Amino acid sequence: PSPLDKEQMQGLRGIREFLKVRTSYDVLPLSFRLVVLDNDLLIKKSLNILIQNGIVSAPLWDSRNSAFAGLLTSTDYINVIQYYCQFPDQLNQVDQFRLCNLRDIEKAIGVVPLETVSVHPMRPLYEACRRMLKTRARRIPLVDTDDETGRETVVSVITQYRILKFIAVNNEQHTMLLKKPVGELGLGTYTNLATATMSSSVLDVIHLMVKHNISAVPIVDQEYKLLNVFEAVDVIPCIKGGAYDELSATVGEAISRRAEDFAGIYTCGEDDRLDSIFDTIRKSRVHRLIVIDDDSRLKGIISLSDVLKYVLLHGEEDDSIRG
Ligand code: ADP
């Protein structure tokens, strides 16, 4: 291996050691708020609560059994939309769905429910990362048991973004060693990209996300120049108030309805190195990087799961088979 490869491995090993000596609890800020939704809540109302609180996901609570009941994410709303598409004459029923009906919706449209994994907050952070990669979850709830009652309590939820931010902020001495260009590493996806145009309907883009099992679709013009990105979380404001018929609106219209604090789109070039990607993560709220060329033409997409997978598993093939 070249000196560059050696340095790269040294950086990766440093980060992996760090993840093994820190816990999920360490990722949490000193004080934070957690919005937990009751499983009996109408799905329609849950949308407003997420929007009002500026969040895109929340743990669910089964108050009858006093138990954690999974995580509500944009995927659940996409499932509801698919249900509505398959049974369009049942809008009244869709309006009456509660969060506890989400599992029935999954069954009705034939999607395999996401495995609900959780981790104990005091377990090594490395474990939470491995579980996330294994289940393709983008966020993982931290579940503890109350000493007195013996009941489960949800402490918080950590996302891929939070973990990568935590790595970026605390590992500058390691991330600076990651000097290989992302193109050379093959980091991300560069073929068979799912894209849409500004005039595609929101519904078309949702179907693309479902078909490819992805959380974002780059929006390009006729010359394949990047204009924007439509994300799974963009679906939430689209169906606010149960306005499912508005899904036939164009992506362009939906994007114009984004919240003012929208994090923005982040791009990079194939020659950019992983260390500069970590710099971006350190400074900004990045959920993916779109790879473009000098003419802004779309080349690829690097998701946070691609970065996390590389950081954890590169050069550890045997380990990844054992899972
Ligand atoms: P994450 O799991 O971080 O939310 P995604 O679900 O968007 O990321 O990505 C899952 C995988 O699919 C990644 O390997 C990513 O490179 C790839 N991918 C993401 N978006 C697209 C797209 N529009 N077309 C093709 N592949 C994509």
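Residues numbered from 1 in each chain as written. Predicted model: local features only at pLDDT ≥ 70, side-chain atom pairs only at ≥ 80, totals over all residues. Heavy atoms only, no water.

**Thoughts on the nonpolar core**
Judged by nonpolar contacts, the single largest core of 43 residues is most densely connected at Leu 19, Leu 125, Ile 158, Phe 278, Ile 302 and Leu 312. At the level of secondary structure, the elements contributing two or more residues to this core comprise α1 (3-21), α7 (125-135), β4 (139-145), α8 (160-170), α14 (274-283), β9 (288-292) and α15 (304-313). No other element matches the seven residues that α15 contributes to this core. Leaving out residues up to four positions away in the same chain, Leu 312 has contacts with Arg 16, Leu 19, Tyr 126, Cys 129, Arg 130 and Leu 133. (Core = buried A, V, L, I, M, F, W, Y, C linked by side-chain atoms within 4.5 Å. Buried < 20%, exposed > 50% of the residue type's maximum accessible area, 1.4 Å probe, protein only. Helix = DSSP H or I, 4+ residues; strand = E, 2+ residues; numbered from the N terminus. Contact = heavy atoms within 4.5 Å.)

**Some details on the packing of aromatic side chains**
All told, the structure shown has four aromatic pairs when counted by the stated rule. Measuring from ring centre to ring centre gives 4.7 Å for Tyr 83 and Phe 87, while their planes differ by 45°; the resulting arrangement is tilted. Taking the relative accessible area as the measure of exposure, Phe 87 reaches 27% and is therefore partly exposed. Here a set of aromatic residues connected by ring pairs shows up, and it is made of Tyr 83, Phe 87 and Phe 97. (Phe/Tyr/Trp six-rings, centres within 6.5 Å; stacked < 30°, edge-to-face > 60°.)

**Some thoughts on the pattern of salt bridges**
All chains considered together, the criterion is met by 18 salt bridges. Note that Asp 40 is salt-bridged to Arg 64, the shortest N-O span being 2.7 Å. Within this pair, whereas Asp 40 is found in the loop between β1 (37-38) and α3 (43-53), its partner Arg 64 is found in the loop between β2 (58-62) and β3 (67-72), the two being separated by 24 residues in sequence. In this structure Asp 40 comes out as partly exposed when scored by relative accessible area, which is 26%. Its salt-bridge partner being Glu 127, residue Arg 131 comes within 3.9 Å of it at the nearest N-O pair. Here Arg 131 and its partner Glu 127 are both found in helix α7, four residues apart, which amounts to about one turn of the helix. The exposure class assigned to Arg 131 is partly exposed, which follows from its relative accessible area of 33%. Look at Glu 127 and you get partly exposed, because its relative accessible area is 22%. (Salt bridge = Lys/Arg side-chain N within 4 Å of Asp/Glu carboxyl O.)

**Some details on the sheet that holds β9**
The three strands are arranged β8-β9-β10 in an open sheet whose pairing can be described as mixed. Edge strands, defined here as strands with exactly one partner in the open sheet, are β8 (266-268) and β10 (298-303). Going from strand to strand, the sheet's axes swing by 30° on average, the running direction of each strand aside. On the sheet, α15 packs against β9 and β10 and is oriented at approximately 65° with respect to β10. (Pairing = 2+ DSSP bridges. Axes fitted to C-alpha atoms, helices over the stretch in contact; angles between N-to-C directions.)

**Notes on the site of the ligand**
Surrounding the ligand, one finds 17 residues, the nearest of these being Arg 138, Thr 189, Ala 194, Ser 215 and Asp 306. A distance of 3.5 Å is found between an oxygen atom of the ligand and a backbone nitrogen or oxygen belonging to Leu 304. A distance of 2.6 Å separates an oxygen atom of the ligand from a polar side-chain atom of Asp 306. Starting from 550 Å² of accessible surface for the ligand in isolation, the protein chains cover 89%. Elements represented by at least two residues in the shell around the ligand include exactly β6 (216-220), β10 and α15. At three residues, the largest contribution of residues to the shell around the ligand is made by α15. For the shell around the ligand, the class distribution of residues is seven nonpolar, seven polar and three charged. Two domains each put at least three residues into the shell around the ligand: domain 1 (14-167) and domain 2 (179-307). (Near = heavy atom within 4 Å. Polar contact = N/O pair within 3.5 Å; in protein donor to acceptor, adjacent residues only side chain to side chain. Areas by Shrake-Rupley, 256 points an atom, 1.4 Å probe, with all protein chains shown as cover. Nonpolar A, V, L, I, M, F, W, Y, C, P; charged D, E, K, R; others polar. Domains from an automatic or database assignment.)

**With respect to the domain arrangement of the chain**
Annotation of the chain at the domain level lists domain 1 (14-167) and domain 2 (179-307). Between the C-alpha centres of domain 1 and domain 2 the distance comes to 22 Å. Taken residue by residue, the interface counts 25 residues in domain 1 and 31 residues in domain 2. Between domain 1 and domain 2, roughly 2400 Å² of surface is buried when both sides are summed, and carbon and sulfur atoms account for 75% of that area. Considering only the side of domain 1, the residues that lose the most area to domain 2 are Ile 81, Tyr 161 and Leu 164, jointly responsible for 25% of the buried surface there. (Buried area = accessible area lost by both parts, 1.4 Å probe.)

**Let's talk about the sheet that holds β2**
The strands making up a sheet are joined through hydrogen bonds of the backbone, oriented either antiparallel or parallel. Pairing in this open sheet of three strands is mixed, and the strands run β1-β2-β3 from one edge to the other. In the strand order of this sheet, the two ends are held by β1 and β3, each with one partner. Relative to β3, β2 runs antiparallel, the two being bridged by four bridges. What sits directly across from Trp 61, in β3, is Phe 68.

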